[in-house]
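Coordinate analysis (summary)
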Amino acid sequence: LYGKTVAIEEGFMTLQQLRTQHPSIQFKPVNSTAEALEAVSLGHADAYVGNRVVAQWLIRTLQLSNLVFSGDPELGPAPQHFAIPKEPEWLPLINLVNKAMDSISEEEHRQITQRWLSDGSRNSLSQQRVSLTPSEQEWLLQHQQIRIGVDPAWPPIDFLDKEQNHQGIASEYVKLFEQGLNIDMQYNPELSWNDISARIKNRQIDVLPAIAVTEDRKKHLNFTTPYLQFPYVIFTRNDAPFITDIK
């Protein structure tokens, strides 16, 4: 890929990493993963580097049949967490979400991801109430409505459908937490991801349901334990030479 053109999402952590580690690549910043994959498919870029499950979902949905997985960029996985502003008032929510996460069985985790990574049914799971301490119950009584920031266009992990309903793997966990903790998690469907990133810093949003840890984000966010982990890979057209690594 040195000297080649890689389409990649503007503002994504991956673009920052590749620019720093591999400046010999020519980058073509685009607005979304779908745009990046379409640029490769149409020959406007040589490759795309990103989250494997997101790319595979879009390749299937957009019928980009001339794209194939080609190699490993050695960026490692990007575990997804729930993230909450770094304020003392909101610190209890980290422990509450982690406790709710611990109450979900391995089989339930598997069912959630399987529903979104295959063509299976998407019936909701029923979550039992989480066992809480008196202080945790008191905190939740004072924070019954929690504002979440939903990425409108990152399927199948986190996105809004045509009716502006929250969909994706992250939405399943949000529903389970609403049931298990007896809270109401609300979102504004009019916000872009850039809007959401700004509002979480300004304390106008309380929770991000699907976000990777970076050093910059650690400055203003607390993170739960990770609940999703997918590899980052290289995609090219199926008539391109096989690429084994980023160089």
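Everything numeric in this text was worked out from a predicted model, so none of it was measured.

**Quick notes on the side chain of Arg237**
Note on placement: Arg237 falls in strand β13 (residues 232-237). Only 2.8 Å separates the side chain of Arg237 from the backbone oxygen of Ala45, close enough to count as a polar contact. Ignoring any residue separated from it by four or fewer positions in sequence, one finds Arg237 in contact with Val40, Ser41, Gly43, Ala45, Asp46, Asn66, Leu67 and Val68.

**A look at the environment of Ala240**
Of note, Ala240 is situated in the segment after β13. You can call Ala240 partly exposed: its relative accessible area is 25%. Separated by 193 residues in the primary sequence, Ala240 and Ala47 place their C-alpha atoms 9.1 Å from one another.

**Section: the sheet that holds strand β1 (residues 5-9)**
The strand order β2-β1-β3-β13-β4 describes an open sheet built from five strands, whose pairing is mixed. At either end of the open sheet lies a strand with only one pairing partner, and these are β2 (26-30) and β4 (67-71). Direction aside, the axes of adjacent strands within the sheet are offset by 35° on average. As judged from the four bridges shared by β4 and β13, these two strands associate in the antiparallel manner.

**Notes on unusual backbone geometry**
Peptide bonds are trans in most cases, and residues, glycine excluded, mostly fall at negative phi. The amide bond that connects Pro155 to the next residue, Pro156, takes the cis arrangement and shows omega of 0°. The topology assignment puts Pro156 in the loop between β7 (153-154) and β8 (158-160). A positive phi angle is found at Gln63, which is not glycine, with a value near 60°. Relative to the helices and strands, Gln63 resides in the loop between α3 (52-62) and β4. Judged by relative accessible area, which is 68%, Gln63 ranks as exposed. Of note, the phi angle at Arg203 is positive, near 65°, even though the residue is not glycine. Assignment of secondary structure puts Arg203 in the loop between α8 (193-201) and β11 (208-211).

**Focus on the pattern of salt bridges**
Scanning the model with the defined rule gives eight salt bridges in all. Between Asp206 and Arg147 there is a salt bridge, and its shortest N-O distance comes to 2.9 Å. Residue Asp206 is found in the loop between α8 and β11, and its partner Arg147 is found in strand β6 (residues 145-147); the two are separated by 59 residues along the sequence. Overall, Asp206 belongs to the buried group, its relative accessible area being 4%. Here Arg147 falls in the partly exposed class, since its relative accessible area comes to 36%. Arg237 is the partner of Asp239 in a salt bridge, and the nearest nitrogen-oxygen pair spans 3.7 Å.

**With respect to the environment of Ile211**
Secondary-structure assignment places Ile211 in strand β11. For Ile211 and Leu117, which are 94 residues apart along the polypeptide, the C-alpha to C-alpha distance reads 19 Å. Sequence-distant contacts of Ile211, defined by excluding residues within four places in its chain, comprise Pro79, Gln80, His81, Ala83, Trp193, Arg217, Leu221 and Phe223.

**Let's talk about the environment of Asp195**
By secondary structure assignment, the location of Asp195 is in helix α8. Asp195 gets classed as partly exposed once you look at its relative accessible area, which sits at 32%. Distance from Asp195 to Ile243, taken between C-alpha atoms, is 36 Å for residues 48 residues apart in sequence.

**Here we look at the sheet that holds β8**
Spatially, β7-β8-β9 is the arrangement adopted by the three strands of the open sheet, whose pairing is antiparallel. The open sheet has two edge strands with one neighbour each: β7 and β9 (166-167).

Basis of the calculations
Residues numbered from 1 in each chain as written. Predicted model: local features only at pLDDT ≥ 70, side-chain atom pairs only at ≥ 80, totals over all residues. Heavy atoms only, no water. Helix = DSSP H or I, 4+ residues; strand = E, 2+ residues; numbered from the N terminus. Polar contact = N/O pair within 3.5 Å; in protein donor to acceptor, adjacent residues only side chain to side chain. Contact = heavy atoms within 4.5 Å. Buried < 20%, exposed > 50% of the residue type's maximum accessible area, 1.4 Å probe, protein only. Pairing = 2+ DSSP bridges. Axes fitted to C-alpha atoms, helices over the stretch in contact; angles between N-to-C directions. Salt bridge = Lys/Arg side-chain N within 4 Å of Asp/Glu carboxyl O.

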